[in-house]
Structures are given as C-alpha cells and as structure tokens.
Amino acid sequence: MAIEEIPLAEERAAEAPPPERRQRGLWRDALRQTFRKRSAVVGAAVFGVLLFIALFAPLLAPYGEREVLIESEGLAPRTEPCIHLSVNWIPDVPVLSTLESFLESNGFSCSPSEPQHLMGLDGNARDVFSRILYGARVSLGASVAAVSFAVVLGAAIGLISGFIGGRVDNGMMRTMDVLLAFPALLLAIAIVTARGPGLFNAVLAVSVVTIPVYARVIRSRVLSVREQDFVSADRALGVSRPRILSHRVLPNSLTPLVVVATLGIATAVLELAALSFVGLGGDPDTAEWGRMLALERNQLFTSPHLVLYPGLMIMLNVLAFNLIGDGLRDALDPRLNK
Amino acid sequence: MLRFIARRLVSAIPVLFGILLATFVIGRLIPGDPCQAALQERATAEACAEFNAAYGFDDPIVTQFFGYVSDVFHGDLGNSVQERQSVTDLLIDRLPVTLQLSAAALLIAVVVGVPLGVLAGSRHNSKTDVATIVGANLGVSIPVFVLGLILQYVFALQLDGTPLELPASGQLTPGVIPDPFYEVWGLSHNSLFEFIANIDLVNAVLIWRWDIFVDALQHLILPAVALATIPMAIIARMTRSSLVDVLGLDYVRTARAKGLRERVVIARHALRNSLLPVVTVIGLSLGTLVGGAILTETIFNLTGVGKTLFDAITGRDYFVVQGFTLVVAVGFVVINLITDIVYTFLDPKVRVS
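Residues numbered from 1 in each chain as written. Chains lettered and ligands numbered in written order. Predicted model: local features only at pLDDT ≥ 70, side-chain atom pairs only at ≥ 80, totals over all residues.

**Digging into the overall build of chain A**
Okay, so step 1: Helices and strands together make up the secondary structure of chain A, namely twelve helices and zero strands.
Okay, so step 2: Along its sequence from the N terminus, chain A presents helices and strands in the succession α-α-α-α-α-α-α-α-α-α-α-α.
Okay, so step 3: Sorting the 338 residues of chain A into buried and exposed places 43% on the buried side.
Okay, so step 4: When contacts within chain A are restricted to residue pairs at least 6 apart in sequence, those whose partners lie at least 24 apart make up 76%. (Helix = DSSP H or I, 4+ residues; strand = E, 2+ residues; numbered from the N terminus. Buried ≥ 20, exposed ≤ 12 C-beta atoms within 10 Å, placed from the backbone. Contact = placed C-beta atoms within 7 Å.)

**Topic: the overall build of chain B**
Okay, so step 1: Each helix and strand in chain B was counted, giving 16 helices and zero strands.
Okay, so step 2: Judged by the C-alpha coordinates and their principal axes, chain B covers about 85 × 60 × 45 Å.
Okay, so step 3: For chain B, the proportion of its 353 residues judged to be buried stands at 39%.
Okay, so step 4: Here the analysis covers contacts within chain B between residues at least 6 apart in sequence; of these, 72% occur between residues at least 24 apart.

**A few points about the nonpolar core**
Okay, so step 1: Ranked by size, the top nonpolar core spans 173 residues in total, and within it Leu186(A), Ala188(A), Ile189(A), Tyr214(A), Val269(A) and Leu275(A) carry the most contacts.
Okay, so step 2: A total of 19 residues in this core trace back to one element, the largest contributor, which is helix H11 (residues 210-247) of chain B.
Okay, so step 3: When near neighbours in sequence (up to four residues on either side) are disregarded, Leu186(A) contacts Val290(B), Gly291(B), Ile294(B), Leu309(B), Thr325(B) and Val328(B). (Core = buried A, V, L, I, M, F, W, Y, C linked by C-beta atoms within 7 Å.)

**Some words on helix H7 (residues 184-195) of chain A**
Residues and elements named next belong to chain A.
Okay, so step 1: Here H7 spans 17 Å end to end across twelve residues, near enough to the 16 Å set by a 1.5 Å rise per residue.
Okay, so step 2: Taking burial as the measure, the twelve residues of H7 include ten buried ones, the bulk of the element.
Okay, so step 3: Those residues of H7 lying buried are Ala 184, Leu 185, Leu 186, Leu 187, Ala 188, Ile 189, Ala 190, Ile 191, Val 192 and Thr 193.
Okay, so step 4: Taken from the residues just after H7, Gly 196 is the one with a positive phi, measuring 95°. (Expected span 1.5 Å × (residues − 1).)

**Observations regarding the confidence of the model for chain B**
Okay, so step 1: Mean pLDDT over chain B: 83, with 95% of residues reaching 70 or higher.
Okay, so step 2: Of all helices and strands in chain B, the one with the weakest mean pLDDT is helix H16 (residues 348-352) of chain B (63), whereas helix H5 (residues 87-122) of chain B scores best (90). (pLDDT = per-residue confidence, 0-100.)

**Remarks on the interface of chain A and chain B**
Okay, so step 1: On the side of chain B, 36 residues touch chain A, which itself brings 32 residues to the contact.
Okay, so step 2: Of the residues contributing to the side of chain A that touches chain B, the split by class is 24 nonpolar, five polar and three charged. (Nonpolar A, V, L, I, M, F, W, Y, C, P; charged D, E, K, R; others polar.)

**A short note on unusual backbone geometry**
Residue and element names in this part refer to chain B.
Okay, so step 1: Even without a glycine there, the phi angle at Trp 208 is positive, about 55°.
Okay, so step 2: Among the secondary structure elements, Trp 208 is positioned in the loop between helix H10 (200-206) and H11.
Okay, so step 3: You can call Trp 208 exposed: it has 10 C-beta atoms within 10 Å.
Okay, so step 4: The backbone of Asn 301 shows a phi angle near 55°, a positive value even though the residue is not glycine.
Okay, so step 5: The exposed category is assigned to Asn 301, around which 12 C-beta atoms lie within 10 Å.

**Let's talk about the packing of helix H7 (residues 144-158) of chain B against H11(B)**
Residues and elements named next belong to chain B.
Okay, so step 1: Running from N to C, H7 and H11 point in directions that differ by 145°, and their axes come no closer than 9 Å. The handedness of the crossing between H7 and H11 comes out as right-handed. Seen from H7, the contacting residues are Val 144, Leu 147, Gly 148, Leu 151, Gln 152 and Phe 155; seen from H11, they are Leu 222, Pro 223, Val 225, Ala 226, Leu 227, Thr 229 and Ile 230.
Okay, so step 2: Across the contact of H7 with H11, the residue classes tally to ten nonpolar, three polar and no charged. (Axes fitted to C-alpha atoms, helices over the stretch in contact; angles between N-to-C directions. Left-handed = near helix turned anticlockwise from the far one by under 90°.)

**Let's talk about the packing of helix H6 (residues 166-180) of chain A against helix H8 (residues 199-226) of chain A**
Residues and elements named next belong to chain A.
Okay, so step 1: Two elements in contact, H6 and H8, have axes separated by 9 Å at closest approach and are oriented at 135°. Judged on the interaxial angle alone, H8 and H6 are oblique. In this structure, H6 meets H8 at a crossing whose hand is left-handed. Residues Met 176, Leu 179 and Leu 180 of H6 form the contact with H8, whose own contacting residues are Val 209, Pro 212, Ala 215 and Arg 216. (Parallel < 35°, antiparallel > 145°, perpendicular 65-115°, else oblique.)

**Description of the environment of Met1(B)**
Okay, so step 1: Tracing the backbone through its elements, the reader meets Met1(B) in the segment before helix H1 (2-29).
Okay, so step 2: Along the sequence, Met1(B) and Phe345(B) sit 344 residues apart, while their C-alpha atoms lie 8.7 Å from each other.

**Let's talk about the environment of Phe213(B)**
Residues and elements named next belong to chain B.
Okay, so step 1: Tracing the backbone through its elements, the reader meets Phe 213 in helix H11.
Okay, so step 2: Remark: the alpha-carbon pair of Phe 213 and Asp 200, spanning 13 residues in sequence, is separated by 7.5 Å.
Okay, so step 3: The residues touching Phe 213, leaving out its near neighbours within four places in the chain, are Leu 201, Ala 204 and Val 205.

Laid out in structure tokens, this is it:
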C-alpha cells in the first residue's frame, strides 16, 4: 500500500465536510444496524410469518383447534398427510401433476375424493395443520408473557438493588445466586408441580427462574450509570431518588435489557415446550406444540409426521428470536461495532 | 492466588446455605400429603399419625428445617418412599448414569465445538464461517427432545439393519448384566466401588469386557449427541467470536508482521487468549446439561438423576426431591467455583482485580 496517499488525521478532518449529525435516535440506528445483517432479517421474517399465523389462525386454519374429525369425515386417527396440488381453480400444469404423483409414490397418497390434510391427523383425529397454526398463538403469547413478567420484576429488583447498594443489594443478589444455582428447567418443574400443572403456572415458572438474569443485567448497568456525572449533577440538584431511577438510570440501562430479553424469549419458548413435553403445560386439548409432540411421542416410528411438525415449529420459533437477538446485540453493543 | 480462592470459597457459603433452605422449601411446597403418597391405601388416621411422628412431619417447621440441615451434614438424606431405599443409595444408583451422559455430552461439545469455532473464526466471513454460524444457530435453536426423537427415528428406524444402526433407548441391551468390577476382582463391597461400578463404561473397562464396553458406548451415543448439541453450538459460537476479536488485536498483528505462519499465529498466540471466555461458557453450559438431562433421560429411557427427579416430583417423593435437588444444586455451585479458579490460572488479570 502506498503510504503517502493516506492523509494525516488533521488534514482529513479539514478536508472532509463536517458530518451531518442528524439526530436519528439510538433505537432507529440500532434497528437499521440490526437489519443490515442477513441473519437478523431472516429471523425477523420468520417471526413475521409466525406472528401473522398467530394473529389470523382462525382464518387460515381449515379446521378448528379442537375439532375432532372422526365422525364428520370418517377418517381414522393418525391418518397420513394428504395433499392435493391440482386444485380446481389452478389450471392443470404438468409440473404439478408430476409433483403430485411423486408425493403419491412417497407415502402422501390419497384419492382426490379424500379431504386434504396437509399434515395428517393426530391421535384424536384432529387436523394437525390447523393445530399447528393455532399453536403459534400459544407459543408466542406464553413466551412473550413469561419474559415480560420476568423483565419487569427482574428490572425492578436490579434497579433497587443496584441503586440502594449495601445490605439490601447483598441480600437480593445472594437470593438471585441461590435461584441461579438450580438448573432452570429443574426449578421450573418444581414450581409447576407445587402450583399444579397448567399453562398459566408454566408461564409463571419459566418467568420466575429467569428473573435473576434480568436483575443481574440491570444491576450491573445501574452500578456504572450511578457513578456518572449527570447522575451526580441530579443528586446535587436535589432530584428525588425515584425520579433519578426512572428518568436517568432506567433509560440508560435499557439496551442490554432489550438484547437479553429478546434472546430470553427464545429460551422461554424452549423451556415452555419442555414443560409441556413432560406433561406440565396446558391441557391436552390446547394446541401447544410441545404438548402435541409429547402426546404422539410413542408413535414416532409409525407416524413420524405427528412428532416432526410440532418439533420443527418450536425450532423455528426459537431460531427467530435467537437471530433477532443476536442482530440486536451486535447493533447495540458498541464494543463490536466496526 | 490463595487469597482469591479462599475469598471465593467463603462467598459460596451463604449460597450453599440458601440452597439448603430452598431445597427444604421446595420439598414442602410440593402439594399432597407425604403420608398419603407413601402409604397410599394403607393411610389410615393412626398409620398417618405414626408415619408423621416417625419422619418428624409433626414438628414445627423450623425444627423440621434444623433437623433436615443436621441430617444432611450427617450424610442422611432420608428414605425414598417409592423406591423403598435410602436416598443416598438411590444417588449411588442413579448419579453415575447422569454423570456418564453429561461427561460424554460435554466431551462431544468441547471436542467438536472448539475446533469448529477456531476454523470459522480463523477464516472470518468465508464459506466455512458462514456454514458454521448457520449450523450453530440451528443447533442452539433445536430443543433437546426434538433432536433426540429425530436421532431415534433416523438411527434406530431408518438405518435399522445397516452398520450405522444405534439402539433407541436404555443403557445396555436387555439381558446384558455386567458383573460389578469389585466382585470380579474379589474386593469387598462399598459405596464408592458401587458408584464406580454403576458407570457402565468404566466398569466394562475394569472387568475387561470389550463387548459390554461397545454395547454401553452404542447406547450412549444418541443421548449424548442430543444433549451435546446446544452446548456445542454455544461453544463454537463463543470460540469463533472470541477468536475474531483477538485476531484484531495489535499483538497478533505484530506476530504476523514478524512473518510467522498463520497457523502458528492462531495456535500459539491467538487461541490461548481467545479460549478464556470459552471456559466460562463451558462452566455455564453444565447447568443446561443437567436440565437437558431430564429430557434426554426421559426420551432415551435412562434411569439417571433427571428421570428420577422428575418421577419423584410427580410422585410426591419428598426426600428424593430434596436430596437430588440438593446434590444437583451443590454440584452446580462447585462447578462454578472450579470454573472461576481455572479462570484465575488462565488469566492473571482476574487475580489482580
């Protein structure tokens, strides 16, 4: 590289027009940064699809969440998927019929008179595809609820603990240490068992076991923000403690919280599905992916589709939040900004 | 150095005490009457009164707690009402299964995860890098039980009859009952020997039975891989990003400027420093391993700590819940301690601060 071509820093500063400092705000900047990453875009797209499915499940689903088809259609439980590609409103394309005969020769065979079930029927002769769609509501709703509750409580604990310090801080943080000493899933199982199985208790349990994570994140931010000059200035001016906490410390602690919470949703989805899998989630009629998978677990070798589709959905849901969370972290963590 | 370790040990004491309190509370919070659960149809009023008196369920809760703490320090974790043996014996029976499973999973996670991370990090933004990131993202997102079921489907059903076929469940092929090594060696029986003998792989080596070793190994592969995937993906990601960070530092540029080959730069200069955060991640992932063990053991039908705990919680087996949770939590704290101490050996900067 030719060295003389690189101007000195002062020269460059003189030559370059002063950069336009438009105030765009941290969050808009962060979002732009985030979606510059392809993986985050993929995550957001998957999330968008899941959200769409969750919002419009009743319109998209061909059957009801709990609709048993054994009498209305005369199909046996665990009927294989049946896919009709040549729908009458699409003109007959040769590719489609070839594809259909391929599907037919690969176990998706069904006569045109048979009703279409994209993912087959489950053990209670319910349409799996419809239940998968409805499941998006449960999975998204429950995991977001669990994380929101944990974030609010954890942030409150972290704020108070970090700002007051001393004995209160020590006591609270040791309590958090004890909570963290138990494997999350184990503690969650114990909590749900103590309160009785059910979706609400599962959400509560997943929430409680993650509180320490948020408390710690916020506390460490509070400890550094507390010592900043603008907080000292507030103190000197006699601003009240609650106001300093809510107007100074909290806004300056939000960035790591958002990142951890987004990644936390992914963990919450996994843990909720695991709780359902061991039979501690919602009732068997609720279209919950973990529960659907658990109910048909023993049919793995005979009807793998009943196990694989819910499993795939859980995975997609987790993946979406992991990708978005990673993207946000890269965007919000200045240490990694290139 | 010693001062640091001592301070770290002292700081663990309140946490351990908190764990004792928490396990006690968890044991009491599980709804249902212990007498009902233990005696079932024989739970008459008199029988229950006798039972509660015998196990101290009549005493005030504080007395019960101090009784519990005292028992724990005497090595008495109570008796399982369902398995009709002491919790300590049950631990000797079940803990080895989980230890073997977790150790195998951790081994896979580290042995595969670290080199993958190094490979991806040293070729930043190459195709290998992108493929590793995509794989790692999928890896952290797949639930243990889904992966376990997929592995069972592929290796036990689809590959049935091929050399790649692997058993879907259990620790050993039914009918294979290895002699414990202490009997083969003509040693007297004690708890430690029994514990070691329950680690199938170790026992098979000690009694020099290659066929049993292979059988145990074949049964171990699928659950271990299922359990290893999430930590493996996390370790690979951590190694990669940490290596990328370190490769951008000045001293690495110096090493390159000296004309060292890239392999030497990475292996001798960059890797050592980049492995520091990886050690933390490995320590932390041991916690997820125990949680995952509950699911893995359920799917692969292994009678380890996770499955026993789950059965005990659902079956209201108080002392088993308390004892096993206690052991798991204490184990976790000890592992964190070890991680911290290992860290100080690797990174002198930590000792100073």
